[in-house]
Amino acid sequence: MLKIKDMKVNYGGIEAVKGITFEVPEHEIVTLIGANGAGKSTTLKTIVGLVKPAAGSVEFAGEDITGKDTNYIVSRGITLVPEGRRVFPDMTVLENIRIGAYLRNDDLSEDIKWVYDLFPRLQERSWQLAGTLSGGEQQMLAVARALMSRPKLMMMDEPSLGLAPLIVKGIFDIVKEINKQGVTILLVEQNANMALKTAHTGYVLETGRITMTGTGEELLNDENVKAAYLGT
């Protein structure tokens, strides 16, 4: 579904991403793991058009979308759940959800029901201001908002950041459920243990380069990954 080839991204004079190549097959969960500053978030922002690559290509569903406008990329079926949630704090839960469908002109009622079925807690808080939600609830809202564009590929940037372990498990259970319902997922995550347990395929990104790839299980059992990312 998504093919990244020889992609390079510069920030000023710094090469943040140094010619990476990887694929995200349709209906799979793929994760990029790595330390802070490895280039993970930059990769997602480049795919969705927020950052322009210096070289290389981004192909989605057979179409070259390299450097295209973000609105166009979202309309083609890619959405991003940003790091830090980025909900609109002075708007209600329902208003935040509706904003996710800003490119659509059709009836939203079935999709709102769908995200409320996934996140019953959000339905209970429909008229609550998003800024008054807990961190876990805000993460649920960020995911629900992203789903309203009916994405074929949902990218998630550090969904577990700052959340309690029990809440993190719930978020990853939802990730698996969304994937079962047909949404392909590209996940950037510092919680390597949880990410690799969830993903079909994993890539290790180190200082802008992909250094390892394998199934989630293979990387979980790799001694180098254990030492660097799993604390064992």
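Asker: Whenever I open this one, the overall build of the chain confuses me. Can you help?
Answerer: Broken down by element type, the chain carries 10 helices and 10 strands. The C-alpha radius of gyration of the chain comes to 17 Å, within 12% of the 17 Å expected for a compact globule of 232 residues. Dimensions of the chain, computed from C-alpha atoms along their principal axes, come out at roughly 45 × 40 × 30 Å. A total accessible area of about 10700 Å² is found for the chain, and carbon and sulfur atoms account for 50% of it. The positive charge centre, built from 25 side chains, and the negative charge centre, built from 29, are 2 Å apart in the chain.

Asker: Would you explain the sheet that holds strand β8 (residues 184-188) in this entry?
Answerer: Hydrogen bonds between backbone atoms are what pair the strands of a sheet, whose relative direction is either parallel or antiparallel. Judged by pairing direction, the sheet is mixed, and its six strands sit side by side in the order β6-β7-β8-β3-β9-β10 without closing on themselves. What marks the edges here is a single partner per strand, and that holds for β6 (78-81) and β10 (209-215). Mean inter-strand twist for the sheet, computed between neighbouring axes without regard to direction, equals 15°. Sitting on the sheet, helix α10 (residues 223-230) is in contact with β3 (29-33), β9 (201-206) and β10, with an inclination near 65° to β9.

Asker: Please explain unusual backbone geometry as it appears in this structure.
Answerer: Phi is mostly negative for residues that are not glycine, and the peptide bonds are mostly trans. Located in the positive-phi region is Arg-150, a residue other than glycine, with phi close to 55°. Looking at the element boundaries, Arg-150 is found in the loop between α6 (135-147) and β7 (153-157). In this structure, Glu-158 is a non-glycine residue whose phi angle is positive, near 50°. Topologically, Glu-158 is positioned in the loop between β7 and α7 (165-180).

Asker: Where do I start with the packing of aromatic side chains in this structure?
Answerer: Here a ring pair, both rings aromatic, is described through the centre-centre distance and the interplanar angle of the planes. Overall, the coordinates contain one aromatic pair when judged by the stated rule. Centroid distance Phe-22 to Tyr-203: 5.4 Å. Interplanar angle 55°. Geometry classified as tilted. In this pair, Phe-22 sits in strand β2 (residues 14-24) while Tyr-203 sits in strand β9, placing the two residues 181 residues apart along the sequence. Here Phe-22 and Tyr-203 have matching classes, each one buried.

Asker: Honestly, the confidence of the model for the chain in this entry has me stumped. Any pointers?
Answerer: Reading predicted coordinates in detail is not appropriate for stretches of low pLDDT. Chain-level statistics for the chain give a pLDDT mean of 92 and a share of 100% at 70 or above. Across the chain, element-level confidence peaks in β3 with a mean pLDDT of 97 and bottoms out in α10 with 89.

Asker: So what exactly am I meant to see when it comes to the environment of Ile-167 here?
Answerer: Within the fold, Ile-167 resides in helix α7. Expressed as a C-alpha distance, the spacing of Ile-167 and Glu-137, which sit 30 residues apart in the sequence, is 9.1 Å.

Asker: I would appreciate a short explanation of the packing of α6 against α7 in the present structure.
Answerer: Helix-helix packing is described using two parameters, namely the angle between the two axes and the distance between the axes. Interhelical geometry of α6 versus α7 gives an angle of 15° and a closest axis separation of 10 Å. One finds that α6 runs roughly parallel with respect to α7. The handedness of the crossing between α6 and α7 is right-handed. Taking contact as the criterion, the partners of Gly-136, Gln-139, Met-140, Val-143 and Leu-147 in α6 are, on α7, Ile-167, Ile-171 and Ile-178. For the contact of α6 with α7, the residue count by class is six nonpolar, two polar and no charged.

Asker: I tried to follow the pattern of salt bridges on my own but got confused; where do I start?
Answerer: Side chains carrying opposite charge are able to pair once their charged atoms draw close together. All chains considered together, the criterion is met by 10 salt bridges. Two residues, Lys-113 and Asp-117, come together in a salt bridge whose shortest N-O distance is 3.1 Å. Taken together, the residues Lys-113 and Asp-117, both in helix α4 (residues 109-118) and four residues apart, mark about one turn of the helix. Using a relative accessible area of 51% as the deciding quantity, one classes Asp-117 as exposed. As a salt-bridge pair, Glu-137 and Arg-121 come within 3.9 Å of each other at their nearest N and O atoms. With Glu-137 in helix α6 and Arg-121 in helix α5 (residues 120-124), this pair connects stretches of sequence that are 16 residues apart.

Asker: What is the right way to look at the side chain of Arg-145 in this model?
Answerer: Along the polypeptide, Arg-145 turns up in helix α6. Here Arg-145 is buried and forms no salt bridge, its nearest opposite-charge partner Glu-95 lying at an N-O distance of 11 Å. Non-local contacts of Arg-145, meaning those with residues more than four positions away in its chain, are made with Pro-82, Arg-85, Arg-86, Val-87, Phe-88, Asn-96, Ile-97 and Gly-100.

Conventions adopted
Residues numbered from 1 in each chain as written. Predicted model: local features only at pLDDT ≥ 70, side-chain atom pairs only at ≥ 80, totals over all residues. Heavy atoms only, no water. Helix = DSSP H or I, 4+ residues; strand = E, 2+ residues; numbered from the N terminus. Rg over C-alpha atoms; globule rule 2.2 N^0.38 Å. Areas by Shrake-Rupley, 256 points an atom, 1.4 Å probe, with all protein chains shown as cover. Lys, Arg positive; Asp, Glu negative; His and termini not counted. Charge placed at Lys NZ, Arg CZ, Asp CG, Glu CD. Pairing = 2+ DSSP bridges. Axes fitted to C-alpha atoms, helices over the stretch in contact; angles between N-to-C directions. Contact = heavy atoms within 4.5 Å. Phe/Tyr/Trp six-rings, centres within 6.5 Å; stacked < 30°, edge-to-face > 60°. Buried < 20%, exposed > 50% of the residue type's maximum accessible area, 1.4 Å probe, protein only. pLDDT = per-residue confidence, 0-100. Parallel < 35°, antiparallel > 145°, perpendicular 65-115°, else oblique. Left-handed = near helix turned anticlockwise from the far one by under 90°. Nonpolar A, V, L, I, M, F, W, Y, C, P; charged D, E, K, R; others polar. Salt bridge = Lys/Arg side-chain N within 4 Å of Asp/Glu carboxyl O.

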